[in-house]
Protein chains: 2
Amino acid sequence: MREKIKNQTNPNVSVDCVVFGFDGTDLKVLLVQRELRDNLNINDDTLVLPGDLINDNEDLDDAASRILTGLTGIRNIFLEQIGAFGHPQRLMKERDQVWLRAIRLEPSARVITVGYFALINIKNYKVKPAGFAKHILWHDYDTVNELGFDHKLILDTAIAKLRNKLYREPVGFQLLSKEFSINQLYTLYNEIMGGEIDRRNFRRRMLKTGFLKETDNFQEGVPHKPARLYTFVRKEFDNVSKNNFKFY
Amino acid sequence: MREKIKNQTNPNVSVDCVVFGFDGTDLKVLLVQRELRDNLNINDDTLVLPGDLINDNEDLDDAASRILTGLTGIRNIFLEQIGAFGHPQRLMKERDQVWLRAIRLEPSARVITVGYFALINIKNYKVKPAGFAKHILWHDYDTVNELGFDHKLILDTAIAKLRNKLYREPVGFQLLSKEFSINQLYTLYNEIMGGEIDRRNFRRRMLKTGFLKETDNFQEGVPHKPARLYTFVRKEFDNVSKNNFKFY
DNA sequence: CCAAAAGTGTTGATGCTACACCCATGA
DNA sequence: TCATGGGTGTAGCATCAACACTTTTGG
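Caption draft 1: Representation of the domain arrangement of chain A. Residues and elements named next belong to chain A. Partitioning chain A into domains gives domain 1 (9-168) and domain 2 (179-242). Taken over C-alpha atoms, the centre of domain 1 sits 30 Å from the centre of domain 2. If you look at the interface, domain 1 gives ten residues, while domain 2 gives nine residues. Roughly 830 Å² of surface becomes buried between domain 1 and domain 2 when both sides are summed, with 67% attributable to carbon and sulfur atoms. Considering only the surface of domain 1 that becomes buried against domain 2, Phe 22, Arg 163 and Leu 166 emerge as the three largest contributors, covering 58% of it. The interface formed by domain 1 and domain 2 contains zero salt bridges. The interface formed by domain 1 and domain 2 holds two residue pairs in polar contact (both at pLDDT 80 or more) in total.

Right, here's the structure in full:
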C-alpha cells in the first residue's frame, strides 16, 4: 500500500494548478488522471487538475511551484493565484471520496483549496514516454467536460482571469517561444478570447507599439511564405503600458 | 476570561474583510481596534481588518457575510473575494502573537486567510454610540498606515482589485444611495482612482450610456444649485456593457 | 500554377481630450 | 450680490472597425 501523507502536511489547505499551454493552434490544459498518477486500483478515470495539500511551513506560491516543477521539471514558471475555493461539500461526491479514502489520512476533512494558473510554452515541456507518464495529458481547453471535485469551477475561473489579464498585461508571450510571428501571437489571442479579433488590425496595433522587436529570422519548414519572427521587449512595453495600453 | 473558540471552528482558515465606504467626499475603510473589540487588557491599539476563523460547515462567502452582518447589521452586502493570503509567518509578529495567545486555542497554528472586499453605502451603516462600538471606525483610506498581521497587504490588494473592477463593472453604485447626482458619482470615481478624471467628459459619457435614469428629485439642503438625482438601471447597463463599455 | 498564409492601405465613423463659460440656488 | 457647485458646447485629434487585394513561398 502507498505511503500516506506525512505529518507536516496541513490537512485543511491544498493548492490546485491550472496550467495553460499553447501548441500554435489550440489552447491546452494540463490534466491528471488521478487513478494512474497515484497508482491505485479503484477503476476511476476521472480527470483532475494537478494539486496537493500544502506543507505547514510552505508559502502558498511555493506549494504551487513545487507541484509544477514536479510535473514538468520547469522552474520559475509564470504563476498567479486565482483565489480560494472552499465550498464545504466540494470533496463530497462519492467518486471523489473513494479516491480520498485511498490516499488521505483524513479523507473527510474540510479542505479549502487555493487555485493557481500557469502559462507555459508547450514545447518546453517534454512529454515523457507513454506508459510512464500516461497520467498527465495536454487536453484541449475547448473540449474539457467534467472534472473531479470542483475543478471545473476552478478551470472556468482561471480562463476568466486569464482573459482579463490578457487585456492589459503581456502574459501571452509566456505561451510562445522567444521568437514568434505576429500571426502566432494573433492566433493565440484570438483562441483565448474565443472571439473574432480582426487579424489585420491586430497586426497593425501590435507593430505600432514598438515593444515587438523584429529579428532577421523567419519561420522554417512551412509550406507557404515564411513569416518574420519578433521578440518581445519588456522595457519598451513598460513605457507603452503606462499610457494605458490595451491588447484588444 | 473570555470564552475561547468553539470546537467546530477550523483552526487553519480565516476570512478577513475590507469594507469600503464613501461619505460623499472620501473613501473610507472599516477597521477594528482589536483590544477593544475583544475586551482584553493587553495594551494594544493595533488596527486590523474585521475577520474571524471559519466554521467547518460554512462556505467562505458565508463566513464573510456572517462577519459583516455582525458588524454592521446589514444583510446581502456586496462581497467579492480578493484571494488567499498564506505566508507562513503572517501571524508571527510579537504583537500579533500576544493578541492570538489571549484569544485562540491554537495561537501558533498556521492560518491561511481569505480576503474579501465589500462596498457599502456609509449611510446605511448606523454608527452605534461611542463607548459601545468604539472598537469599530471608518478610517480614511488615504491615511491608513500599518495594520496588524498582513492586513495592510490585504488592503493594498483590495484597492487594486476595486480599481480594476470599477473599470468595467457597475460596482460604484453600491457605494452611493439609490438616488445620486452625477457629480457624486464623479467624485466617487475620481477619489477611488486617485486621479484626474475630467468632470465634464465624465458627465457626458455617463449620460450618453442611457443606464442612468433621471428622476424628478433634486438634492436638498445644499447651499448651491441642487443637482438632479439619477438612478442606476441595471438592465440598460447590461446592454451597454455587452458593447465593451468602460467607465473611465 | 496552385494552395496557403504573409503582408499591406484606405476610408468613414466614433470617441476622446482639452478647453471656458453661464446658471441656479441659498445665505 | 456673492459663493458654490451644477450644468452645457465645441473643435481638433486620435483611434478603431470594416473591409480586399497583392505577395511570397513550397509543393
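There is more to say after this.
Caption draft 2: A look at the protein's contact with DNA strand D. Taken together, 19 residues surround DNA strand D, and among them Arg200(A), Lys225(A), Asn183(B), His224(B) and Arg228(B) come closest. Among all atoms of DNA strand D positioned within 4 Å of the protein, those belonging to sugar or phosphate total 53%. Contact between DNA strand D and Arg199(B): a base oxygen at 3.0 Å from a side-chain N or O atom of the residue. In this structure, Arg204(B) approaches DNA strand D through a side-chain N or O atom, which is 3.4 Å from a base oxygen. Elements with a minimum of two residues in the surface near DNA strand D: helix H6 (199-209) of chain A together with helix H6 (199-209) of chain B. A per-class count over the surface near DNA strand D returns four nonpolar, four polar and eleven charged.

Caption draft 3: Just the sheet that holds strand E10 (residues 228-232) of chain A, in detail. Residues and elements named next belong to chain A. Spatially, the three strands line up as an open sheet ordered E8-E10-E9, and their pairing is antiparallel. Pairing within the sheet leaves two strands with one partner each, and these edge strands are strand E8 (180-181) and strand E9 (212-218). Where E9 meets E10, four bridges bridge the pair, whose relative direction is antiparallel. Opposite Phe 218, over in E10, you have Arg 228 as the bridge partner.

Caption draft 4: The arrangement of the interface of chain B and chain A in detail. Counting residues at the interface gives 25 residues for chain B, matched by 25 residues for chain A. Interface area, chain B with chain A, both sides summed: about 1,700 Å², of which 48% is carbon and sulfur. Looking at the side of chain B facing chain A, the largest losses of area belong to Ala84(B), Arg110(B) and Tyr167(B), adding up to 25% of the total buried there. Where chain B meets chain A, there are ten residue pairs in polar contact (both at pLDDT 80 or more). Of all the secondary structure elements, the ones that give two or more residues to the side of chain B that touches chain A are strand E1 (9-22), strand E4 (51-55), strand E5 (78-85), strand E6 (112-121) and helix H4 (151-168) of chain B. Here the side of chain B that touches chain A is composed, by residue class, of nine nonpolar, nine polar and seven charged.

Caption draft 5: Structural detail: the sheet that holds strand E10 (residues 228-232) of chain B. Residue and element names in this part refer to chain B. Strand order in the open sheet made by the three strands is E8-E10-E9, with antiparallel pairing throughout. With one partner strand each, in any of the chains shown, strand E8 (180-181) and strand E9 (212-218) form the two edges of the open sheet. Pairing geometry for E8 and E10, over two bridges, is antiparallel. Each bridged residue has a counterpart across the sheet, and for Ser 181 the counterpart in E10 is Leu 229.

Caption draft 6: Main features of the relation of the copies chain B and chain A. With an RMSD of 0.1 Å, the operation that places chain B on chain A is a rotation of 179 degrees combined with a shift of 0.0 Å along the axis. Taken together, the turn and the small shift mark the pair as related by a two-fold rotation axis. Residue Gly83(B) of chain B places its C-alpha closer to the rotation axis than any other residue of that unit, at 2.2 Å. A symmetric contact is evident, with 100% of the interface residues of chain B recurring at the interface of chain A.

Caption draft 7: Representation of the protein's contact with DNA strand C. The environment of DNA strand C is formed by 18 residues, the closest being Asn183(A), Arg200(A), Arg203(A), Arg228(A) and Arg200(B). Arg204(A) is positioned such that a nitrogen or oxygen atom in its side chain is 3.2 Å from a base nitrogen of DNA strand C. The contact in question runs from a base nitrogen of DNA strand C to an N or O atom on the side chain of Asn201(B), over 3.2 Å. In terms of residue class, the surface near DNA strand C is made up of four nonpolar, four polar and ten charged.

Caption draft 8: Fine view of the packing of helix H5 (residues 182-192) of chain B against H6(B). All names here are of chain B. Their axes nearest at 10 Å, the elements H5 and H6 cross at an angle of 115 degrees. Crossing hand, H5 versus H6: right-handed. Together, Ile 182, Asn 183, Leu 185, Tyr 186 and Tyr 189 of H5 and Arg 199, Phe 202, Arg 203, Met 206 and Leu 207 of H6 make up the contact between the two elements. Residues belonging to the contact of H5 with H6 are distributed by class as follows: seven nonpolar, one polar and two charged.

Caption draft 9: Representation of the pairing of strand E1 (residues 9-22) of chain A within the structure. Residue and element names in this part refer to chain A. Where burial is concerned, most of E1 is hidden: 13 out of the 14 residues are buried. The pairing of E1 with strand E4 (residues 51-55) spans four bridges and is classified as antiparallel. Bridge pairing links Asp 16 to Gly 51 in E4. Relative to strand E6 (residues 112-121), E1 is paired through ten bridges, and the arrangement is parallel. In the sheet register, Val 13 faces E6, and the bridge partner there is Ile 112. Sheet topology note: the E1/strand E2 (residues 27-33) ladder contains three bridges and is antiparallel. Residue pairing across strands places Gly 21 opposite Lys 28, the latter belonging to E2. In sequence, E1 turns back onto E2 through a hairpin of four residues, with Gly 24 there showing a positive phi of about 105 degrees.

Caption draft 10: Quick look at H6(A). All names here are of chain A. Here H6 has its buried residues at Phe 202, Met 206 and Thr 209. The arc enclosing the buried residues of H6, seen along the axis, measures out at 60 degrees, which places them on a common side. In H6, the exposed positions that point more than 90 degrees away from the buried face belong to Arg 200 and Lys 208. Of the surrounding elements, those touching the buried residues of H6 are helix H5 (182-192), E9 and helix H7 (234-242). Looking at where H6 begins, the residue whose side-chain oxygen comes 3.0 Å from the main-chain nitrogen of Arg 200 is Asp 198. In the segment just after H6, Gly 210 is the residue with positive phi, at about 90 degrees.

What counts and how
- Residues numbered from 1 in each chain as written.
- Chains lettered and ligands numbered in written order.
- Predicted model: local features only at pLDDT ≥ 70, side-chain atom pairs only at ≥ 80, totals over all residues.
- Heavy atoms only, no water.
- Domains from an automatic or database assignment.
- Contact = heavy atoms within 4.5 Å.
- Buried area = accessible area lost by both parts, 1.4 Å probe.
- Salt bridge = Lys/Arg side-chain N within 4 Å of Asp/Glu carboxyl O.
- Polar contact = N/O pair within 3.5 Å; in protein donor to acceptor, adjacent residues only side chain to side chain.
- Near = heavy atom within 4 Å.
- Helix = DSSP H or I, 4+ residues; strand = E, 2+ residues; numbered from the N terminus.
- Nonpolar A, V, L, I, M, F, W, Y, C, P; charged D, E, K, R; others polar.
- Pairing = 2+ DSSP bridges.
- Least-squares fit on C-alpha atoms with pLDDT ≥ 70 in both.
- Axes fitted to C-alpha atoms, helices over the stretch in contact; angles between N-to-C directions.
- Left-handed = near helix turned anticlockwise from the far one by under 90°.
- Buried < 20%, exposed > 50% of the residue type's maximum accessible area, 1.4 Å probe, protein only.
- Arc of directions from axis to C-beta.

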